[in-house]
Amino acid sequence: MEYKFNEIEKKWQDKWKANKVYKVENNVDKPKYYVLDMFPYPSGAGLHVGHPLGYIASDIYSRYKRLKGYNVLHPMGFDSFGLPAEQYALETGQHPAETTKKNIATFKAQLDKIGFCYDWEREVQTSDPNYYRWTQWIFLQLFNSYFDSKENKAKPIENLVRAFELEGCANCQLPTANSFTAEEWNAYNKKEQEDILMQRRLAFSKYGEVNWCEVLGTVLANDEVVNGVSERGGHPVVKKKMRQWYLRITAYADRLLEGLETVEFSDSMKEMQRNWIGKSEGAEIDFVIKTIDNRQSTTEVQNSSSVVGGQLSITVYTTRPDTIFGVDFMVVAPELELVQQIKTTDQTNAVDEYIAYVKSRSDVDRMAEKKITGCFTGAYAVNPFNGKQIPIWISEYVLAGYGTGAIMGVPCGDERDFKFAQHFNIPITNIIGNHFNGQEANPTKEVPYSNSEFVNGMKYAEAAKVVIDKLEEKGIGKRKVNYRMRDAGFSRQRYWGEPFPIIWNDGVAVALEEIDLPLELPHVDKYGPGPEGEGPLANLKEWTSSPSLFHTVEKGETKTESKGSFSQVPKYIVSSPMQYELAKNMRKDYTEAEGALWEVLRNNNTGEKFRRQHPIDSYIADFICLQKSLIVEVDGGYHLDAEQKQYDETRSKRLNEIGFEVIRFTNDEVLKNPFAIKEKIKQHIKKIDEKAESLHIPSPLVERGQGVRETSTMPGYAGSSWYFLRYMDPHNATTFCDKKVSDYWNQVDLYVGGTEHAVGHLLYSRLWTKILFDLGHIGFDEPFKKLLNQGMIQGSSRFVYRVSFPDILSRMKGDLSANHSPIFISESIYKRILEIGVDNGIERIKYLKTIAPNNSIIQNASNTIVTSRLHVNVNIVDGFELNTDVFKKWRDEYANAEFILEDGKYICGSETEKMSKSKYNTVNPDELCVKYGADTFRMYEMFLGPVEASKPWDTKGIEGVHRFLRKLWRLFNDGIKGKIWVDEKPTEAELKILHRTIKKIEEDTEKFSFNTAVSAFMICVNDLADAKCYKKEILEKVLILLVPYAPHIAEELWHQLGNTTTILDAEYPTFDPSLLVESSKEYPVSINGKVRTNITLALTLEQVEVEEIILQNETIQKWLEGKTPKKIIYVKNKMINIVV
RNA sequence: GCCCAUGUGGCGGAAUUGGUAGACGCAGCAGACUCAAAAUCUGCCAUUCGCAAGGGUGUGAAGGUUCGAUUCCUUUCGUGGGCACCA
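Residues numbered from 1 in each chain as written. Chains lettered and ligands numbered in written order. Predicted model: local features only at pLDDT ≥ 70, side-chain atom pairs only at ≥ 80, totals over all residues. Heavy atoms only, no water.

Draft legend 1. Spatial organisation of the pattern of salt bridges. Enumeration over the complete set of coordinates arrives at 46 salt bridges. Put simply, R255, R766, K770, D774, D781 and E782 are held in one network by salt bridges that share partners. (Salt bridge = Lys/Arg side-chain N within 4 Å of Asp/Glu carboxyl O.)

Draft legend 2. Representation of the sheet that holds strand β44 (residues 1135-1139) within the structure. Strands sit in the order β42-β41-β44-β43 across an open sheet of 4 strands; the sheet is mixed. Taken across any chain shown, the strands that pair with only one partner, and hence form the sheet edges, are β42 (1090-1098) and β43 (1127-1131). Strand-to-strand twist of the sheet, defined as the mean angle between neighbouring strand axes without regard to direction, takes the value 20°. As paired elements, strand β41 (residues 1080-1087) and β44 share 3 bridges and run parallel to each other. What sits directly across from V1085, in β44, is I1136. Sitting on the sheet, helix α37 (residues 1103-1112) touches β41, β42, β43 and β44, and the angle it makes with β43 is about 115°. (Pairing = 2+ DSSP bridges. Helix = DSSP H or I, 4+ residues; strand = E, 2+ residues; numbered from the N terminus. Axes fitted to C-alpha atoms, helices over the stretch in contact; angles between N-to-C directions. Contact = heavy atoms within 4.5 Å.)

Draft legend 3. Region of the structure containing the nonpolar core. Within the largest apolar cluster, 163 residues are counted, with the highest numbers of intra-cluster contacts made by F139, W245, F490, L725, F736, M939 and Y1045. It is helix α34 (residues 1010-1026) that contributes the most residues to this core, 9 residues altogether. Counting residues in hydrophobic clusters, the runner-up holds 54 residues, among them I314, V331, V410 and I426. (Core = buried A, V, L, I, M, F, W, Y, C linked by side-chain atoms within 4.5 Å. Buried < 20%, exposed > 50% of the residue type's maximum accessible area, 1.4 Å probe, protein only.)

Draft legend 4. Structural detail: helix α33 (residues 988-1006). The terminal C-alpha atoms of α33 lie 27 Å apart, and with 19 residues this matches the ideal 27 Å at 1.5 Å per residue to within 8%. Turning to α33, its buried residues number three or more, namely E990, L991, I993, L994, H995, T997, I998, I1001, E1002, D1004 and T1005. Next to the buried residues of α33 lie α2 (52-67), α34 and α35 (1032-1042). Immediately beyond the C-terminal end of α33, within one or two residues, lies F1008, with a positive phi of roughly 60°. (Expected span 1.5 Å × (residues − 1).)

Draft legend 5. Looking closely at helix α14 (residues 415-423). Regarding α14, the residues found buried are D417, F418, F420 and A421. One face of α14 carries all of its buried residues, which in axial projection span an arc of 165°. Summarising the contacts, the buried residues of α14 are in contact with β13 (329-332), β15 (389-394) and β16 (406-409). Taking the backbone nitrogen of D417 as reference, a side-chain oxygen 3.0 Å away marks D414 as the first, capping residue of α14. (Arc of directions from axis to C-beta. Polar contact = N/O pair within 3.5 Å; in protein donor to acceptor, adjacent residues only side chain to side chain.)

Draft legend 6. Spatial organisation of the pairing of β44. Summarising the sheet, β43 and β44 pair through 5 bridges and their orientation is antiparallel. Note on β44: the bridge partner recorded for I1128 is I1138. The turn joining β43 and β44, which pair antiparallel and follow one another in sequence, is formed by 3 residues; a positive phi near 70° is taken by N1133.

Draft legend 7. Looking closely at the side chain of R63. In this fold, R63 is placed in helix α2. Overall, R63 belongs to the buried group, its relative accessible area being 3%. Within the structure, R63 has its side chain in polar contact with the side chain of Y22 (distance 2.7 Å). A distance of 2.9 Å separates the side chain of R63 from the backbone oxygen of G115, its partner in a polar contact. When neighbours within four sequence positions are excluded, R63 is seen to be in contact with Y22, G115, F116, C117, R938, V1043, P1044, P1047 and L1064.

Draft legend 8. Structural context of the sheet that holds strand β22 (residues 610-616). Pairing in this open sheet of 4 strands is mixed, and the strands run β22-β23-β24-β25 from one edge to the other. Across the chains shown, the open sheet's two edge strands, defined by having one partner strand only, are β22 and β25 (661-666). Each adjacent strand pair in this sheet contributes to an overall mean axis angle of 40°, direction not counted. Judged from the 3 bridges that link them, strand β23 (residues 619-625) and strand β24 (residues 630-635) form a sheet pairing that is antiparallel. Across the sheet, I624 pairs through a bridge with I631, a residue of β24. Lying on the sheet, helix α19 (residues 642-657) is in contact with β22, β23, β24 and β25; it crosses β23 at an angle near 60°.

Draft legend 9. Representation of the state of the cysteines. In the structure shown here, the tally under the stated rule is 0 disulfides. For the unlinked cysteine C117, the closest cysteine sulfur is that of C929, found at 16 Å. On the accessibility criterion, C117 (12% relative accessible area) is buried. (Disulfide = S-S within 2.5 Å.)

Draft legend 10. Region of the structure containing the packing of aromatic side chains. Applying the stated criterion across every chain yields a total of 67 aromatic pairs. Taking the centre distance of 5.9 Å and the plane angle of 85° together, the rings of F490 and F500 count as edge-to-face. Of this pair, F490 sits in the loop between β18 (488-489) and β19 (502-505) while F500 sits in the loop between β18 and β19, and the two are 10 residues apart along the sequence. Across the pair, F500 and F490 agree in class, each one buried. Aromatic ring contacts, followed pair by pair, group Y33, Y61, Y64, Y70, F1008, F1010, F1017, Y1045 and Y1068 into a single cluster. Over the ring of Y246 we find K206; its NZ or CZ atom is 4.7 Å from the centre of that ring. (Phe/Tyr/Trp six-rings, centres within 6.5 Å; stacked < 30°, edge-to-face > 60°. Lys NZ or Arg CZ within 6 Å of the ring centre and 35° of its normal.)

Draft legend 11. Region of the structure containing the environment of N924. Examined against the element boundaries, N924 turns out to sit in the loop between β37 (909-913) and α30 (925-932). Sequence separation between N924 and A45 is 879 residues; the distance between their C-alpha atoms is 9.9 Å. Within polar-contact distance, the side chain of N924 engages the backbone nitrogen of D926 at 2.7 Å.

See below:
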């Protein structure tokens, strides 16, 4: 019987699916285990062999835990909002929703072939309204919360409002520092109050700088900007202030730091997060500014400056207040308003010029560039302790956003300050004596200061304390903890993301209510930016200006008018999310009549806006005009039957009850003349208006808000910050995740993903978890208990060398000057040509050598030399040898290609680089699954090396793993006899093989050392084959061990052994240590560290006995050459070393 | 510039965490079976000296600690990844 892996894998995948073996139940009796993969962005390129690495690792661990008796949650989904789909839409006009859907289908099909144990019923997609409804909901929780710094947790913003109403801001330090009393607060108007609250909300809006490209009319991400110009088109990019949304992650800086102590992340991962948060302790110090001329400072004072005793001063942040006597200059961020106040008349031109220069530079530039720039402002500050005058400079290396945006320069102790002083010839004060050599700064903290008055002789720790105490005493400074981390930008001027559930009304952000969610992303036809760099949604005038903030109320109930303009109404007509879902589907699947009527109603210019298939209560109206409470139904022929008539009647009755008028038309009527129907509808509306006017009937709909919608969308990390919670309770229509369910599944026990998310995603999801915890929605405040970082699988690129160079070619191949076909030269010959050229001193070839690694064209008077190193598809290269026939067919332009071969072969160049479509180095897992089977593929990916390590992909080795599986198969069947396994009692030696394997596999799986586990399986099968062991008792156990790694073949052979239940739930074998106990060991015996012989000794022997035995050994005596050993080291069960 | 990771045969990697470096696999070489091929099986396979027995050298480089270092420490070089010049 042959190992027909394709048939076997298909068979079991189908059976498993039919029997729903991967369905996971909540709240069962078993202990739980939650294994999570970082869900993929469904890119158009499909899955390549790099993706499944982590997925296979987590799948193995999940299946292992399941065999060990756990209830394992191991879900999968898609991070389906994002820029690539939008970019693709811009280029091709295809709607992101379409391409995303297609890509997800491809991904799923690919994943399924590999045989993962996902419960697809729990799939989530971040771009699905049923999902992002809750992303928006969580945003509203953040918007409606503030951080209470006393209790160190998030609380509802109403608490703060109540406190303001009762006691003003007595007990809160507002960032603005303007305090107010309760009376003042109550006297503020809505806008003033909201502005103050905005400064406290966890999700808040403020002006921030973005990369703005005027030519493209759009905002660009950092990585879309290269050298100050846009990556696409090379247009200039400047900074522009725009209103943006932010998350107040800085409030959680300390808790995010502390939380790291409670999770199992790698040290480097924790270190990266700590660096990102960047907590530093230091001091803020005020320096009085002494202006040189008598300019009056009238401009208002802002963050880095203040007025002390009537004098203008500047506040710096420093981590080294102890070096205050070494301050030789001061640098202020050029952006600061303060600069305008202090610049002297002399320096005005220079300063303005410099500021213009800085504005032209992107953040990326400022980082990449190493040259030192700056400009003197003309002003001086005064050192508060010794009265020394310190020149104030501006320079781009000081950032406005960090600390106070101003620093004190201590050149003898800080490398950057030193270079700055050196560059601008600022005299340097030495405060560390001969520890400063004048050539470079010495940032030591371990040297006593000199030249420093009252801190002379003290070192860092003591001096810092003394200085800060003095500063506080004088009231010109204070101890200050600073964080490098800034609040996280949360809005993007893009289309394909979650719309903000926010309406702007006279500059006040009004949040939508839960009932308004999901705020669905409207369909657009064009994906270009809106006016003034706003997102594409800003182009949808109808959508932005007609928010659906209506609440229906029960008839007879009075509308409550509250003092604010956004009153709430106690009772709503609620449509369930299911109804929304249903309506959405019906919208896609419309009748011809509905389509026709919509065509005339959608372009309605009378001011009444209609919606299609809108859910109201438990019904779905065909068309509705919310403002007029008018419902239009278009009925098909089946409305003539009695049952349907009855239903229509009760439905109309109910809708009437809650204040809607219903008018009906038949399909035929509509199709005959939709415009006539439109006219009739207009008449109706007119009647409604008249009636309402004469009777003063209040509309059943309360208008809660007016204004314009926020047109930004949320960033990619919004949906991924909480998806692990939705998997637990994916279909819940009333809450994002039932607390009972999240209490059961609790934290993710094992999270598998790449290091590229070390700070971004991991920090954000940790933040969201903490906030949801504070607000009582979940019971834990760290999302991921243990993190396993998977390495990147790099592509192994292959290159061909195309050269057109008549002189050389004719020398090598006769006269080729007339031949214009592309000529490809095998690697080593190509390289030799370069060397020969240099040896001969031919100038053109010197060029060739210097530019050869890259593609280039050189032209001079006599010749055109074209050299190209081109990526060639790795799939048409066998190892390094190019299949020249296939290559000629690869592209039309190569049809007539000529090759210069070495030993009859074309050898390609190679390089290891990132796997990507454009480098033609991607390998598709599907093809490997077809050729070798999923089990082989899974085991091979694991066999490549440790999961954590990055390594290049090489398809060649897969044969070895495939051979192993076939060898395993042959322990059960062989080609001639068929079944060969037997039900006999195993020998001790056979049991030993088994239990050695059980021990190794279990240990390796537990520590995620899957590559060594695979090799242990190989050793086991080799040993069993050598021992001709075909015994069921042994083989059966081996199969169970193998289930996590190669589930299909394990299940197949398990059934061949006569089992009828699935192996996926079999009982994991128990390791019996007694079978592996040894009584003796072959010790390596070395003399002075060099192994000279091996001697087998009983394990019970003690030092003295061992010494006696080994000294009698012939080989040892020979090597001792009659000398007496100085010392004999005997480590039981390890080795023996004789020192002479 | 700063931070993190990493360096072992022709290749991917292993090494009980300080104890026989190179498990397992790929590639290669030699052989068996076969008319032949595929499949399968058996040897050899870091390097160097040697017919062999056996010896020398070897974990990027240089030092150090130790009876003993791929493993720990110092310095240095190379490669890969990240970044917000963070005072």
